[in-house]
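Overview (structure and organization)
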Amino acid sequence: MSLKNFFDFNFQTLKQFLLIDLKIEEKKTSMRAKQLWQAVYKKGLEELSHLTTLPVELRDKLISKITLKKPKIADTQTSEDGTIKWLIELLDGNKVECVFIPEKTRGTLCISSQVGCTLNCRFCHTGTQRLVKNLDFSEIVNQVMIAKEQLDDWKEQKIITNIVLMGMGEPFYNYDNVKTAVEILKDKDGLNYGPKKITVSTAGIADKIPLAAKEIGTYLALSLHAPTDEIRELIMPINKKFKIKDLIEQCKYYAETVNEKITLEYVMLRGINDSKECANQLTKIMAQFPCKVNLIEFNPWPGVNYLPTEREDMESFSKIIQDAGYISTIRRSRGQDILGACGQLRTESERKKLN
């Protein structure tokens, strides 16, 4: 009989499993589920035999029915700046990357929602890998669990303070799994990340933004990267489907519903989207809903045709936005030497060919 994997449960389905498969009394299922949930997600339990808060008989039953097996690390790379990139081999053999970025006052873990990507943004290395698959919610959460294990992050004071879904893939094209994963990340009896410690990034799947406002409710980052449809379509084919006008409307709704600013992500490409005119056009977008902009250094990768904007030009661009009264920060590139920076994640996994 094959074992069930603990990480394939959310809290509700775990309770059902304990009730139906393990025949635990109904009045005790919540308590037992909570004990198990807290032991795994709060304390990093790796062996059910170590779960001494449960009676021996129940522990033995659990061991015969459930496994805590997780994906494994296929490769670890550490950047000169302290950034760590893990290549994770999933249980089905596919590989995905996640990145830990330590800073003085926080530690950010960048996780993936898909293997590969469908969007094919011209400046993004991940986009050169065709979509292999959507990650299950367990595969999304397990990136966090593996990183916490590697960093021994089980104390009250978290080492990983913030989680961003900005790795491989478009989260809103894997909406249901992302939603469930975020619920598990936010669970106070589990990993306990508040909604303001999690950011979900989208390239602008406009029709999912209102739903996410109601159901996910974390910070939202919009990968905008251009202030006009004309420029955006050159570098982001998704703009042919979802125009900037639609995105503005949906972002307005999201900001009102969640009561938080939207973060606009803007990778600066020399001679493409970095002119003074572009900066002025961007301020007109920013006037329409509460937001701030992150200007991102472009991280070249082998075979790409774009060049990064010069630092002084980035600063001039930023100043135009600030002078118009908006928040603009220049995000320093991290982990570039290990291809762990923004837009550089990619694995060798390929979609299996059907015979």
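Before reading on, note that the structure itself is shown above.
Predicted model only: the values in this text are computed from it and were never measured. Each chain carries its own residue numbering, running from 1 in the written order of its sequence. A pLDDT threshold of at least 70 governs which residues receive local features in this predicted model, and a stricter bar of 80 or more applies before side-chain atom pairs are shown or counted, although totals over entire chains, interfaces and linings include all residues. By convention in this description, side-chain values take in all heavy atoms of the structure and omit both hydrogens and water.

**Things to note about the environment of F123**
Stated precisely, the cut-off is as follows: Each helix is a run of H or I in the DSSP string that is no shorter than four residues. Each strand is a run of E no shorter than two, and both are numbered from the N terminus. Each residue is assigned to one of three classes by its accessible area relative to the maximum for its type, calculated with a 1.4 Å probe on protein chains only: buried under 20%, partly exposed between the two thresholds, exposed over 50%. Contacts are assigned to residue pairs that have any heavy atoms within 4.5 Å of one another.
Within the secondary structure layout, F123 lies in the loop between β7 (114-115) and β8 (133-134). Residue F123 is classed as buried on the basis of its relative accessible area of 8%. The contact partners of F123, leaving out residues within four places of it in the chain, are H225, I235, M236, V267, L269, F298, W301 and Y306.

**Looking at the pattern of salt bridges**
Our working definition: We count a salt bridge whenever a side-chain nitrogen from Lys or Arg sits within 4 Å of a carboxyl oxygen from Asp or Glu.
Counted by the stated rule, this structure contains 18 salt bridges. Between E97 and K85 there is a salt bridge, with the nearest N and O atoms lying 3.2 Å from each other. Separated by twelve residues along the polypeptide, E97 in strand β5 (residues 95-102) and K85 in strand β4 (residues 84-89) bring together distant segments of the chain. With a relative accessible area of 6%, K85 lands in the buried category. Taken together, the shared-partner salt bridges connect E25, K27 and K28 into one network.

**A short note on the side chain of K70**
For clarity, the cut-off: Throughout this description, a polar contact denotes any pair of N or O atoms lying within 3.5 Å of each other; where both atoms belong to protein, one of them has to be capable of donating a hydrogen while the other can accept it, and for residues adjacent in sequence the pair is counted only when both atoms sit in side chains.
Of note, K70 is situated in the loop between β2 (66-67) and β3 (72-78). A relative accessible area of 14% means that K70 is categorised as buried. There is a polar contact of 2.6 Å between the side chain of K70 and the side chain of E149.

**Let's talk about the layout of surface pockets**
In plain terms, the rule: A cavity, in this analysis, means grid points on a 1 Å lattice covering only the protein atoms where a 1.4 Å probe fits yet has no way out; a pocket is instead an open set bounded by protein on both sides within 12 Å along at least five of seven lines, and a residue lines either one if it has an atom within 4 Å of a point. Grid points are joined across faces, edges and corners, and a volume is the space filled by probe spheres set on the points. Ten residue types, Ala, Val, Leu, Ile, Met, Phe, Trp, Tyr, Cys and Pro, are classed as nonpolar, four, Asp, Glu, Lys and Arg, as charged, and the remainder, Gly among them, as polar.
One number sums up the size of the second largest pocket: a volume of about 300 Å³. If you go around the second largest pocket, you meet 15 residues; those closest to its centre are K155, E156, K158, L191 and N192. Of the residues belonging to the lining of the second largest pocket, the class tally is four nonpolar, four polar and seven charged.

**Some details on the sheet that holds β5**
Where we set the bar: Here the rule is simple: two strands pair whenever DSSP picks up at least two bridges between them. The angle between two axes is taken between their N-to-C directions and runs from 0 to 180 degrees, where each axis is a line fitted to C-alpha atoms and a helix contributes only its stretch in contact.
Strand order across the open sheet formed by ten strands is β3-β4-β5-β6-β9-β10-β11-β12-β13-β14, with mixed pairing between neighbours. Both edges of this open sheet fall to β3 and β14 (328-331), since each of them pairs with a single strand only. Going across the sheet, the axis of each strand differs from the next one's by a mean of 20°, ignoring polarity. When strand β12 (residues 262-268) meets strand β13 (residues 291-297), the two strands line up parallel, connected through seven bridges. Residue M268 lies in a different strand from β13, and its bridge partner there is E297. Packed onto the sheet, helix α5 (residues 175-186) meets β9 (162-165) and β10 (198-202) and runs at close to 165° relative to β10.

**As for the nonpolar core**
Put simply, the test is: What makes a nonpolar core is a set of buried Ala, Val, Leu, Ile, Met, Phe, Trp, Tyr and Cys residues whose side-chain atoms join them at distances within 4.5 Å.
Among the nonpolar cores identified, the biggest contains 111 residues, and F6, Y41, F123, I262 and L264 are the most heavily contacted of them. Looking at which element gives the most residues to this core, the answer is helix α4 (residues 137-151), with eight residues. With residues up to four places along the chain from it excluded, the contact list for F6 reads L14, L36, W37, V40, Y41, I66, T67 and L68.

**Things to note about the packing of aromatic side chains**
Spelled out, the test is: Working definition: rings of Phe, Tyr and Trp (its six-membered ring) pair if their centres are within 6.5 Å, and the pair is stacked with planes under 30 degrees apart, edge-to-face with planes over 60 apart, and tilted otherwise. Our definition puts a charge over a ring when NZ of Lys or CZ of Arg is within 6 Å of the ring centre and also within 35 degrees of the ring normal.
This model, assessed by the stated rule, comprises ten aromatic pairs. Seen in terms of ring centroids, F11 and W37 are 5.4 Å apart; in terms of plane orientation they differ by 80°. Their pairing is edge-to-face. Taken together, the residues span a long stretch of sequence, with F11 in helix α1 (residues 11-20) and W37 in helix α2 (residues 26-41) at a distance of 26 residues. W37 carries the same exposure label as F11, and that label is buried. Between F298 and Y306, the ring centres sit 6.5 Å apart and the planes meet at 90°, which makes this aromatic pair edge-to-face. Classification of F298 by relative accessible area gives buried; the value is 4%. Accessibility expressed as a relative area gives 18% for Y306, which makes it buried. Here the aromatic residues F6, F7, F11, W37 and Y41 are joined through ring pairs into a cluster of three or more. Cation over ring: K158 sits above Y193, and NZ or CZ is 4.7 Å from the ring centre.

**Observations concerning unusual backbone geometry**
A positive phi angle, near 55°, is found at N192, a position not held by glycine. Note on placement: N192 falls in the loop between α5 and β10. Judged by relative accessible area, which is 32%, N192 ranks as partly exposed. A positive phi angle, near 60°, is found at N259, a position not held by glycine. Mapped onto the fold, N259 is located in the loop between α8 (244-258) and β12. For N259, a relative accessible area of 64% translates into the label exposed.

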